[in-house]
Amino acid sequence: MDARSLIDELYREMDLSREGWLALIGARSHLQDDDREYLYALARKRAQEHYGKDIFLRGLIEFSNFCKNDCFYCGIRRDNSELHRYRLTKDEIVKCADTGYHLNFRTAVLQSGEDRGYSDDDICEIVRAIKKMHPDMAVTLSIGEKEKESYQMYFDAGADRYLLRHETANAAHYRAMHPPDLSMRHRMDCLFTLKEIGYQVGAGFMVGSPHQTDACYADDMRFLKTLGPHMIGIGPFIPHHATPFKNDPPGTLEDTLFFLALLRLAFPKALIPATTALGTIDPRGRELGILAGANVVMPNLSPRGVRRDYLLYDGKICTGDEAAECRRCMELRMEKIGYHVVTSRGDYRG
Ligand code: SAH
């Protein structure tokens, strides 16, 4: 089957067989410009059926770059000894969320490395404080793999959503990107547990990472179909100079847009961000991401002083701007392409 027929089938059925995924994914390097535009147009159409031209904002608070893990791709990995480590206080974190609220953010995403410096009670206290101050603000956690009891505690404290990219659903690829003490099965189990508890759950993967093959992407698609996430975050892999993957090439804009569009067709209602990493590899990356079917942007709410230290990859954009500038900049960028940033929690419409 040719690529267009596969795209049509995906648009119609919202899924493909493993062979179908492999064929479509394999076809991406020789797609013509008009085939790509055809794919993006269908993805935009699907997104607009459910969300119109609304773009949802998430304010990202990168509250600690301490991490006990040593993922080969990540700039804040444990073994990166040249990194200046920081940890925001509970008050500072709550204050960032408050600043975000006054800039019309209705979701705060609290992200960090896997930092043992905060207890479960600390996390719960932070969540409760934000919820007490602004009951109409959604709180999303992105703090890695935890015990079920911990996830339950955060949920009971009021956390609404959890982002935990599965990173890859291919066992060999997982092994090539992580040290032996981390397990793909455990990370996947965490995602199912989070869903069972009642969180809106986000999974996802990097595009163009070292050792990633077409079969890996097909496995990602099929895993996501089994999980049924509410949010899916993907972005290009970008090398970081102090990691084992420092000499590997970054993922491309074309590939990332291609996979964003496939995800929109496979998950019509999912909340899919045009990520900062996409904006980092191309100055118009985030706009093009929206035009390929994404519907979320995540401007940075972290205090300016720490942004350069939360460096997952080299060249990260917006490390010098204040939250208000990022917010305004994003609104203008979206308006220019005919979309509008809305003041809304942006929940999954099930
Ligand atoms: N500790 C949290 C947050 C991880 S950082 C957790 O475990 O979920 C958030 C995401 O950044 C990761 O899931 C990974 O997919 C992405 N990331 C890490 N290093 C990257 C790199 N070099 N290039 C692009 N994305 C990267």
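Here goes a summary of the coordinates provided. (Residues numbered from 1 in each chain as written. Predicted model: local features only at pLDDT ≥ 70, side-chain atom pairs only at ≥ 80, totals over all residues. Heavy atoms only, no water.)

**Some words on the overall build of the chain**
This is how it is decided: Working definition: helices are DSSP H or I runs of at least four residues, strands are E runs of at least two. Numbering for both runs from the N terminus. Only C-alpha atoms enter the radius of gyration; for comparison, a globular chain is expected to reach 2.2 Å times N to the power 0.38, where N is the number of residues. Residue exposure (1.4 Å probe, protein chains only): buried if accessible area is under 20% of the type maximum, exposed if over 50%, otherwise partly exposed.
Scanning the chain for helices and strands turns up 14 helices and 9 strands. Relative to the compact-globule value of 20 Å for 350 residues, the chain shows a C-alpha radius of gyration of 19 Å, a close match. In terms of overall dimensions, the chain has a C-alpha envelope of 55 × 45 × 40 Å along the principal axes. Out of the 350 residues in the chain, the part that is buried amounts to 59%.

**Considering the packing of aromatic side chains**
The relative placement of two aromatic rings is captured by the distance of their centres and the angle of their planes. Heads up, the rule is: Here is the rule: rings of Phe, Tyr and Trp (six-membered ring for Trp) pair when centre to centre is within 6.5 Å. Planes less than 30 degrees apart are stacked, more than 60 are edge-to-face, and the remainder are tilted. Both a distance and an angle decide whether a charge sits over a ring: NZ of Lys or CZ of Arg must be within 6 Å of the ring centre and within 35 degrees of the ring normal.
Going through the model one piece at a time under the given rule, you end up with 12 aromatic pairs. Both rings, one in Phe205 and one in Phe259, keep their centres 6.3 Å apart while their planes meet at 85°; by these two values the pair is edge-to-face. Highlighted residues: Phe205 in strand β6 (residues 200-207) and Phe259 in helix α10 (residues 253-266), separated in sequence by 54 residues. Phe259 carries the same exposure label as Phe205, and that label is buried. On the numbers, 4.1 Å between centres and 25° between planes, the contact of Tyr217 with Phe259 is stacked. On the criterion of sequence distance, the pair formed by Tyr217 in helix α9 (residues 214-227) and Phe259 in helix α10 is long-range, its members being 42 residues apart. Each member of the pair, Tyr217 as well as Phe259, is classed as buried. The residue whose ring lies beneath Arg106 is Tyr101, and the NZ or CZ to ring-centre distance is 3.7 Å.

**Digging into the pattern of salt bridges**
To keep it simple, the criterion reads: Any Lys or Arg side-chain nitrogen located within 4 Å of an Asp or Glu carboxyl oxygen qualifies as a salt bridge.
In total, this model carries 29 salt bridges according to the counting rule given. Put simply, Arg44 and Glu37 hold a salt bridge, and the shortest N to O gap is 2.8 Å. Taken together, the salt bridges that share partners define one network made up of Lys131, Asp160, Arg161, Arg345 and Asp347.

**Remarks on the sheet that holds β6**
Put simply, the rule is: Only strands joined by at least two bridges in the DSSP assignment are considered to pair. Interaxial angles span 0 to 180 degrees and are taken between N-to-C directions of axes, which are lines fitted to C-alpha atoms, for helices over the stretch in contact. Here, residues are in contact when the closest pair of their heavy atoms is within 4.5 Å.
Pairing is parallel across the open sheet formed by 6 strands, whose spatial order is β2-β3-β4-β5-β6-β7. This sheet does not close on itself; its edge strands, each paired only once, are β2 (59-64) and β7 (231-236). Neighbour-to-neighbour, the strand axes of this sheet turn through a mean angle of 20°, independent of strand direction. Sheet topology note: the strand β4 (residues 138-142)/strand β5 (residues 161-163) ladder contains 2 bridges and is parallel. For Thr140, the partnering residue across the bridge sits in β5 and is Arg161. On the sheet, helix α8 (residues 184-197) packs against β5 and β6 and is oriented at approximately 155° with respect to β6.

**Focus: the site of the ligand**
Worth spelling out the cut-off: Near is defined per residue: the residue qualifies when any heavy atom it owns lies within 4 Å of the molecule or strand. Definition of a polar contact: a pair of N or O atoms within 3.5 Å, with one able to donate and the other able to accept a hydrogen when the atoms are protein atoms, and with sequence-neighbouring residues admitted only if both atoms are side-chain atoms. Where accessible areas are quoted, they stem from the Shrake-Rupley method and a 1.4 Å probe; at the residue level, only the protein chains shown are allowed to cover.
Taken together, 17 residues surround the ligand, and among them Tyr73, Ser112, Arg165, Glu167 and Ile238 come closest. Within the backbone of Tyr73, a nitrogen or oxygen atom sits 2.9 Å from a nitrogen atom of the ligand. Within the backbone of Ile238, an N or O atom sits 2.8 Å from a nitrogen atom of the ligand. Relative to its unbound accessible surface of 560 Å², the ligand loses 92% to contact with the protein.

**Thoughts on the side chain of Arg44**
Within the fold, Arg44 resides in helix α3 (residues 33-51). Within polar-contact distance, the side chain of Arg44 engages the side chain of Glu37 at 2.8 Å. When near neighbours in sequence (up to four residues on either side) are disregarded, Arg44 contacts Glu37, Ile290, Leu291, Gly293 and Tyr339.

**Some points on the pairing of strand β1 (residues 54-57)**
Two strands pair when backbone bridges link them, and β1 and strand β9 (residues 340-342) are joined in this way by 3 bridges, in the parallel orientation. By the bridge assignment, Asp54 is partnered in β9 with His340. Pairing of β1 with strand β8 (residues 296-297), which is carried by 2 bridges, proceeds in the parallel orientation. Paired with Phe56 across the two strands is Val296, which belongs to β8.

**Thoughts on the nonpolar core**
Here is a general trend for soluble globular proteins: nonpolar side chains tend to be buried in one another's company. Quick reminder of the rule: Here the nonpolar core consists of buried residues drawn from Ala, Val, Leu, Ile, Met, Phe, Trp, Tyr and Cys, with membership extended through side-chain atoms lying within 4.5 Å.
Core analysis: the largest hydrophobic core is formed by 104 residues, its most contacted members being Leu110, Tyr154 and Leu262. If one sorts the elements of this core by residue count, α10 sits on top with 10 residues. Those residues in contact with Leu110 that lie beyond four places of it in its chain are Ile61, Phe63, Ile93, Ile126, Ile130, Val139, Thr140, Leu141, Ser142 and Ile143. Within the second largest apolar cluster, 9 residues are counted, among which are Tyr51, Met231, Met298 and Val342.

**A short note on the pairing of β6**
The line we're drawing: We call a crossover right-handed when, viewed with both strands directed away from the observer, the connection leading from the first strand over the helix to the second proceeds clockwise.
Burial within β6 is extensive, with 8 of its 8 residues counted as buried. Where β5 meets β6, 3 bridges bridge the pair, whose relative direction is parallel. In the sheet register, Arg161 faces β6, and the bridge partner there is Gln200. Strand direction decides the pairing type here: β6 and β7, joined by 6 bridges, are parallel. Bridge pairing in β7 places Ala203 opposite Ile232. Following the chain from β6 across α9 to the adjacent parallel β7, one finds a crossover that is right-handed.

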